[in-house]
Protein chains: 2
Amino acid sequence: MTTTASILEMVNSPEDLRKLNMEELNLLADEMRELIINKVNTIGGHLGPNLGIAEATIALHYVFNSPVDKFVFDISHQCYPHKIITGRKEGFTNPENYHKYTGFTAPEESAHDIFKIGHTSTSVSLATGLAKARDLTGGKENIIALIGDGSLTGGEALEGLNNAAVLNSNFIIVLNDNDMSIAENQGGICEMLTELREHNGKVENNFFKALGFDYIYVDKGNDVETLINVFQKVKDIDHPIVVHIHTLKGKGYKPAEINKEPFHWTLPGFMGAKDNQIPANYEDYNSVTKDYLLNKLNEGMPIVAMNAATPGVFGFDKEFRNKMGSHYIDVGIAEQQAVAMASGLAKEGAKPVLCVMSSFIQRTYDQLSQDLALNNSPATILIYWGGISEADCTHLCTFDISMISNIPNMVYLAPTCKEEYLKMLDWSVKQNEHPVVIRVPFTMTYMGYEDTTDYSVINKYKMIEQGNEIAILGLGAFFENAKTLKQAIKNELGIDATLINPRFITGIDKEMMNSLKSNHKLVITLEDGELDGGFGEKISRFYGDSDMKVLNYGSFKEFTDRVPISELYSRYRLTPELILEDIKRVLK
Amino acid sequence: MTTTASILEMVNSPEDLRKLNMEELNLLADEMRELIINKVNTIGGHLGPNLGIAEATIALHYVFNSPVDKFVFDISHQCYPHKIITGRKEGFTNPENYHKYTGFTAPEESAHDIFKIGHTSTSVSLATGLAKARDLTGGKENIIALIGDGSLTGGEALEGLNNAAVLNSNFIIVLNDNDMSIAENQGGICEMLTELREHNGKVENNFFKALGFDYIYVDKGNDVETLINVFQKVKDIDHPIVVHIHTLKGKGYKPAEINKEPFHWTLPGFMGAKDNQIPANYEDYNSVTKDYLLNKLNEGMPIVAMNAATPGVFGFDKEFRNKMGSHYIDVGIAEQQAVAMASGLAKEGAKPVLCVMSSFIQRTYDQLSQDLALNNSPATILIYWGGISEADCTHLCTFDISMISNIPNMVYLAPTCKEEYLKMLDWSVKQNEHPVVIRVPFTMTYMGYEDTTDYSVINKYKMIEQGNEIAILGLGAFFENAKTLKQAIKNELGIDATLINPRFITGIDKEMMNSLKSNHKLVITLEDGELDGGFGEKISRFYGDSDMKVLNYGSFKEFTDRVPISELYSRYRLTPELILEDIKRVLK
């Protein structure tokens, strides 16, 4: 046992912190950081946010009495130090336990975690509920909402602030300002925070005070003693206050301090590794999308690449952003704004292409419906990472088809390969009739020849191979599974199944579906997402009044949590073997 | 022709305004108000917002050059004066044309209307898109976003402000502050605006300046000349500015000036009529809900009645709000906050009952999913007005089932009558396992005896009458239609159809559905909402691998716009005659 681990050995719960002196507490912060760096280097995860919040977490647990006093962590991707302090350090000290706890707060792990949280900008709103319940039931505990400067730009956070400001009782917002969202911050709020930092919290027009909050600025947000003193002052306060602490994102790991964006969340293996150089000729959906956008820009098209605070997901690195110049917009963590702004851009003849992760498009149902679809604004939205995965329960990407495809006027497309994707994208940015969403596959495949489809003929499926008895509709990324299934059916049953690539998620090719009735008994749908409200159910409805049998395959309506993909595929009967079992039962 | 109509006669387009002097312009405002009062008294509509904005609309059209310069009206429920000025006055002067134009902006009516808008807090975001497209394409026009003080509390508006503040080009926000949302305003933003009004725009901490906006306060927001001078000053400005105008909601109609809340939107016939006295013993879902909530409060339950700015829809009048006291929360126009706060309340043992109109729950998909359902917080949400209607395209209420019911963990209930509704509500507020949504029917019906169902047994349908051959599942309000259909089937085909009340929207009673297979050939589902992603499709999927035929009835995936209900029912084949036609075809 090295001496550097000696402080942490003494800490098994928050009360142990109070037995330590200031020097030991600061050392503890360093020890926790070392654990976090090693863990993230081994299994990946959120690095920068956790390194920066170590001292603040120690100070919070030193001063407040969790879990009687309640912390709500925004996104909760900065909860690693909190987990270490609240009895879960073995998830960080022992590599065998690295997967034992989630990277987010999880009430089933500990009473110190109040909510499962993984999306941004929710902490203040959730905490107002805790505070109001406390007031109605005669409680006296402190309610503390932590929120980052990046999350502050999300509408839900701002709605929360508006309500929190008038609570008339204890409510403490710890604003963890590390001058970064995932990428650089954007917008008026960012500039307002910069001004506060630059003037040690003293400015002419204080945003928080304007809303009615009491306000304290703490420049030394990585100094335990300073933070303890401040938190002791605000503990048991009888009104809402914003404690604005200035912290260093990535603290303790130089590359992360300097280069904050790539170390916000990182894959394993960053230590000692060379720069993650992608070969020059490497091609994936990120690279072909970027190339397409830059080409259109160079051709003089008023194309606009947009995202909401997560450019890295789409490979929108600094070089790309610089090349796009004023044709690149990061709206910050503000997906509602992104969709509405895209609608406005498209209405005026610009060609917005908004990139969003499947899980985060969930924040925009009404904007998709009212701002975009009702207005038939010809904007393009690219949905990334849609599909069944081993993700944490807060970042599942199985719900986008169900959410988007039941909104009128939307054209939701599911390409199966690079050629289709590029043709769809090109059609979308050149047309002026429809709001178009394209579900970008994760893995690139190739058709081998140019796609010449005219996608303005809406809801026309593509007949790949005309067979009989059984027809398989393989949607998007699951077209590959459909091909495999077709072969398995041939091998096992000797049937030449019909293979169809629907391409359009949002409508039924009635002509083709009707034509199947003459020589097919069974239609099988495969989709990489939730069955409920999805694509397959519409096919089931279509054939409801006929003799055609239908089997729909996709994921169940459930929040899964880091479940191995093989287990999910077997649970959802998504393997050729299990589907064949079902086919034999149905056709017997 | 009376002399009071003489000014309006001269105004057929915005440029005609510039031929009038100030006195005439002020008279014009009065004339427009008279028309609006008479029209709303005849067909109903938004009264207060339109009366208050008359002068500002005149001044805007006097100064700016619409449609080259572009106005985006938030919600656009205050666009009546705009419509009168922009060539649509015959929709107000001639009662025969009262229904010719919608009560909202509509691009198909006029080039002066940029977007279809009916939900709140969208104007700034939409307008940022217009402004950015202008900048990219070398345009020079003014972009003007109008927004009310009430709408300012919605997250999308705040996301919009954050982005608008850094536009570096012409962007004019006209903040129409009439000191009222639909009901009283709520929150820190409201108090901030009050302070600005009380100090003529000069305060210590200016919210808008903090965000980086230029800012002008105009106290005389109902004086044409003042407004024209201000708008002339800001016209062609090269940066974002907030023009904060103080107006009188309901101006020109005393009862609406004094009693702002009921005259925000009103049914026809308010003039000369006595107070709309509801008889003391009158019972509807509003009254029984209020009685239930007050009873629980009196019993000492930590019940909380919640809404987002529309208490009137639920009959939450001032008397009720006063009685509920601190157990009543209006979060303002902030549905995301409402759902998240309800989750927090429920987590801490309070019993939130959040009331929301179907059309507005759309603003909370991610909050329902992440803040509520993922956390299994036992909050209760009551959805009002869900169903097919003659509503404007911006206020359709047919999408809630599709949106809510495909989210995991949610229990969405469809009561068919008062007794079921109260039993479900009572079960919901007393249980601690599920987030529960109840779809409150519009018209009250009675079962005639107490409902003794234990709703903790999830997804158990109620067999009303066991028949054979055909089974009808009548969901919620459409249970009545199912009864009628059953009788029609008996009369026409001599078949005793099985009648089922599903009650649970979010799950299938597999046991009962399987049992139907033995002596039924056809299952019919009836639901008062969109088919796509709805209840019926899940029944179709369930029977996909069997010989059971299924017919699903509900509305299509479309935005309808004030279409007569009889036309919609016939389009959707929702009449017994049309369904019988389908049955005969399927069973032949």
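Preceding block: the structure.
My aim in this report is to walk through the structure given alongside it, one point at a time.

Conventions and cut-offs
- Residues numbered from 1 in each chain as written.
- Chains lettered and ligands numbered in written order.
- Predicted model: local features only at pLDDT ≥ 70, side-chain atom pairs only at ≥ 80, totals over all residues.
- Axes fitted to C-alpha atoms, helices over the stretch in contact; angles between N-to-C directions.
- Helix = DSSP H or I, 4+ residues; strand = E, 2+ residues; numbered from the N terminus.
- Parallel < 35°, antiparallel > 145°, perpendicular 65-115°, else oblique.
- Left-handed = near helix turned anticlockwise from the far one by under 90°.
- Contact = placed C-beta atoms within 7 Å.
- Nonpolar A, V, L, I, M, F, W, Y, C, P; charged D, E, K, R; others polar.
- Least-squares fit on C-alpha atoms with pLDDT ≥ 70 in both.
- Core = buried A, V, L, I, M, F, W, Y, C linked by C-beta atoms within 7 Å.
- Buried ≥ 20, exposed ≤ 12 C-beta atoms within 10 Å, placed from the backbone.
- Expected span 1.5 Å × (residues − 1).
- Arc of directions from axis to C-beta.

So, on to the packing of helix 8 (residues 123-136) of chain A against helix 16 (residues 335-347) of chain B. Axis separation between helix 8 of chain A and helix 16 of chain B bottoms out at 6 Å; the angle between their running directions is 45 degrees. By the angle between their axes, helix 8 of chain A is oblique relative to helix 16 of chain B. For helix 8 of chain A against helix 16 of chain B, the interelement crossing comes out right-handed. Here S125(A), L126(A), A127(A), T128(A), G129(A), L130(A), K132(A) and A133(A) of helix 8 of chain A come into contact with helix 16 of chain B, specifically with Q336(B), Q337(B), A340(B), M341(B), A342(B), S343(B), G344(B), L345(B) and K347(B). Partitioning the contact of helix 8 of chain A with helix 16 of chain B into residue classes produces eight nonpolar, seven polar and two charged.

Note on the identical chains: chain A maps onto chain B by a rotation of 180 degrees and an axial translation of 0.0 Å, with an RMSD of 0.0 Å. The symmetry that links the two subunits is that of a two-fold axis. Both copies contact each other with a shared surface, as 99% of the interface residues of chain A are interface residues in chain B too.

Time to look at the nonpolar core. I472(A) and I472(B) are the most contacted members of the largest nonpolar core, which totals 357 residues. Excluding anything up to four places from it in sequence, I472(A) contacts A482(A), L485(A), K486(A), A497(A), T498(A), L499(A), I500(A), I524(A) and L526(A).

Here we take up the interface of chain A and chain B. Listed as interface residues are 96 residues of chain A and, on the opposing side, 95 residues of chain B. For the side of chain A that touches chain B, the leading source of residues is helix 8 of chain A, giving 10 residues.

A cis amide bond links S66(A) to the next residue, P67(A), at an omega of 10 degrees. Checked against the element boundaries, P67(A) lands in the loop between helix 5 (54-63) and strand 2 (70-73). Positive phi is not limited to glycine here, since R562(A) has a value of about 55 degrees. With 12 C-beta atoms counted inside 10 Å, the residue R562(A) sits in the exposed group. Its identity is not glycine, yet S76(B) carries a phi of approximately 65 degrees, on the positive side. S76(B) sits in the buried class, given 29 other C-beta atoms within 10 Å.

Given 3.6 residues per helical turn, the α-helix brings residues three or four places apart onto the same face. Residue and element names in this part refer to chain A. The end-to-end C-alpha distance of helix 21 (residues 479-493) is 20 Å, a good match for the 21 Å that 15 residues give at a rise of 1.5 Å each. Listed as buried for helix 21 are F479, N481, A482, L485, K486 and I489. Buried positions in helix 21, seen along its axis, are confined to an arc of 145 degrees and lie on one side of it. Summarising the contacts, the buried residues of helix 21 are in contact with strand 15 (469-474), strand 16 (498-501), strand 17 (520-530) and helix 25 (576-587). Just downstream of helix 21, G494 is the residue with a positive phi angle, here 70 degrees.

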